[in-house]
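Tertiary structure, described
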Amino acid sequence: MKKKLSLLLITVMVVLTACGQNKDANSPSATANNAASEPPAAEKTTLILGTSADYAPFEFHKTIDGKDTIVGFDIEIAKEIAKDMNAELEIQDMDFDGLLLALDTGKVDMVISGLTPTEERKKNVDFSEIYYLTDQGVLVNKDAAEQFKTLEDLKGKKIGIQKGSIQEGIAQEIADAKLTALGKIPELVMELKSGRVDAIILEKPVADQYAVAQTDIAVSEVKIEQPEEEAGVSIAVKKGEQELLNKIDETIARLKSSGAIDQFVVEANELVGE
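Let me sum up the structure you'll find in this document. (Residues numbered from 1 in each chain as written. Predicted model: local features only at pLDDT ≥ 70, side-chain atom pairs only at ≥ 80, totals over all residues. Heavy atoms only, no water.)

Description of the pattern of salt bridges
Note the following rule: Any Lys or Arg side-chain nitrogen located within 4 Å of an Asp or Glu carboxyl oxygen qualifies as a salt bridge. Each helix corresponds to a stretch of at least 4 residues labelled H or I by DSSP, and each strand to a stretch of at least 2 residues labelled E; elements are numbered beginning at the N terminus. Classification of residues uses two cut-offs on accessible area relative to the type maximum, computed with a 1.4 Å probe and protein chains only: under 20% is buried, over 50% is exposed, and between them is partly exposed.
By the definition in use, this model includes 16 salt bridges. Salt-bridge contacts for R254 lead to D84; the nearest nitrogen and oxygen are separated by 3.0 Å. Of this pair, R254 sits in helix α10 (residues 242–258) while D84 sits in helix α3 (residues 73–84), and the two are 170 residues apart along the sequence. For R254, a relative accessible area of 32% translates into the label partly exposed. Its relative accessible area of 42% is what places D84 among the partly exposed residues. Within the structure, one salt-bridge network assembled from shared partners comprises E80, K83, D84 and R254.

Digging into the packing of aromatic side chains
Formally: Here is the rule: rings of Phe, Tyr and Trp (six-membered ring for Trp) pair when centre to centre is within 6.5 Å. Planes less than 30 degrees apart are stacked, more than 60 are edge-to-face, and the remainder are tilted.
With the rule as written, the count across this model stands at four aromatic pairs. Between F58 and F73 the ring centres are 4.7 Å apart and the planes differ by 40 degrees, which places this aromatic pair in the tilted class. Of this pair, F58 sits in the loop between β2 (54–55) and β3 (59–64) while F73 sits in helix α3, placing them 15 residues apart in sequence. Aromatic side chains F58 and Y132 sit 5.9 Å apart centroid to centroid with 80 degrees between the ring planes, which places their arrangement in the edge-to-face category. Placement of the pair is F58 in the loop between β2 and β3 and Y132 in strand β8 (residues 132–133), with a sequence separation of 74 residues. You'll find F58 and Y132 in the same group, each marked buried.

Things to note about the environment of K44
Filter applied, for reference: Residues are treated as being in contact if the distance between any of their heavy atoms lies within 4.5 Å.
Turning to its location among the elements, K44 is positioned in the loop between α2 (28–37) and β1 (45–51). Spatially, the C-alpha atom of K44 lies 8.5 Å from that of M85, the residues being 41 residues apart in sequence. Not counting residues within four places of it along the chain, the set of residues in contact with K44 comprises N86 and E88.

Digging into the sheet that holds strand β4 (residues 67–71)
As a reminder of what qualifies: Between any two strands, at least two bridges found by DSSP are needed for them to pair.
Taken together, three strands build an open sheet; the order of strands is β2-β3-β4 and the sheet is antiparallel. Unpaired on one side and paired on the other, β2 and β4 mark the two borders of the sheet. Bridge analysis of β2 against β3 gives two bridges, and the strand direction is antiparallel. Opposite Y55, over in β3, you have E59 as the bridge partner.

Quick word on the sheet that holds strand β13 (residues 217–219)
Across a sheet, strands are paired by hydrogen bonds formed along the backbone, either parallel or antiparallel in direction. Using the following cut-off: Helix axes are fitted only over the stretch in contact, all axes being lines through C-alpha atoms; the angle between N-to-C directions runs from 0 to 180 degrees.
On the basis of which strands lie adjacent, the open sheet formed by five strands has the order β11-β10-β12-β9-β13 and mixed pairing. Each having just a single partner strand, β11 (178–182) and β13 make up the two edges of the open sheet. Between one strand and the next, the sheet's axes are offset by a mean angle of 30 degrees, whatever the strand orientation.

Quick notes on α10
As a reminder, the rule being used: For a helix, the expected span equals 1.5 Å multiplied by the residue count minus one. Of all possible arcs, the one meant is that of the directions from the helix axis to the C-beta atoms.
For α10, built from 17 residues, the straight-helix expectation of 24 Å at 1.5 Å per residue is met to within 8% by its first-to-last C-alpha distance of 24 Å. Buried within α10 we find L244, L245, I248, D249, T251, I252 and L255. For α10, the angular spread of the buried residues around the axis is 165 degrees, confining them to a single face. Turned more than 90 degrees off the buried face of α10, the exposed positions are E243, E250, S257 and S258. Where α10 ends, the next residue or the one after it, G259, has phi of about 80 degrees, a positive value.

Quick look at the structure:
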């Protein structure tokens, strides 16, 4: 009798042990164990863009669906970079002359703002490949446009430029010119319309847009010659951020080869005119 009871107890213990080792794969504990073994989904990081959003069609403010929004072809490029990096794009709008300082102090991760990669700037920041080539334009009051035909006509004149821009360096080369450097282009346009400056030097696509939007000013016939390497615009990152720079260049190469940047420029110009 004892032998029978012992055999019965052993049989029950074996069955219980086997049941414990074959839990339902859909049970809460099994599901938790399976979830723990799966690799976590890649978390999105935040990519902070520094820009000066007063430079249509590069970057500018536009009311869309009742909300003030920063748009422009530079912004579309920034969105593509963020998408390729699986990152959320955050835009910081500030005065142009504060952008590279914000980059140096880590307040922003990259600067996209119609920025020319000059040798002087390269001492402090690293630049991407050039993504767009542009000419310089000279904006004047329409009733004075006939007075400005050549670069010689700017000699001794009151010239407005954006502080810290490539145009500031161009204006400094004009003999006897009296310069007014301000942080925002709309402020310079007000100076022009009020007669406190005679002309504004800025990139021609930007000059064109202001002339379209405000019929009392015009783009003059003045031509400013400059080498191709000074006519291009690039994206700036903090010195030594090579991994980020490589990712940016990959996106730029993709966008240029597909013709997307040209399309962004067209769309931005259309948006300005709406």
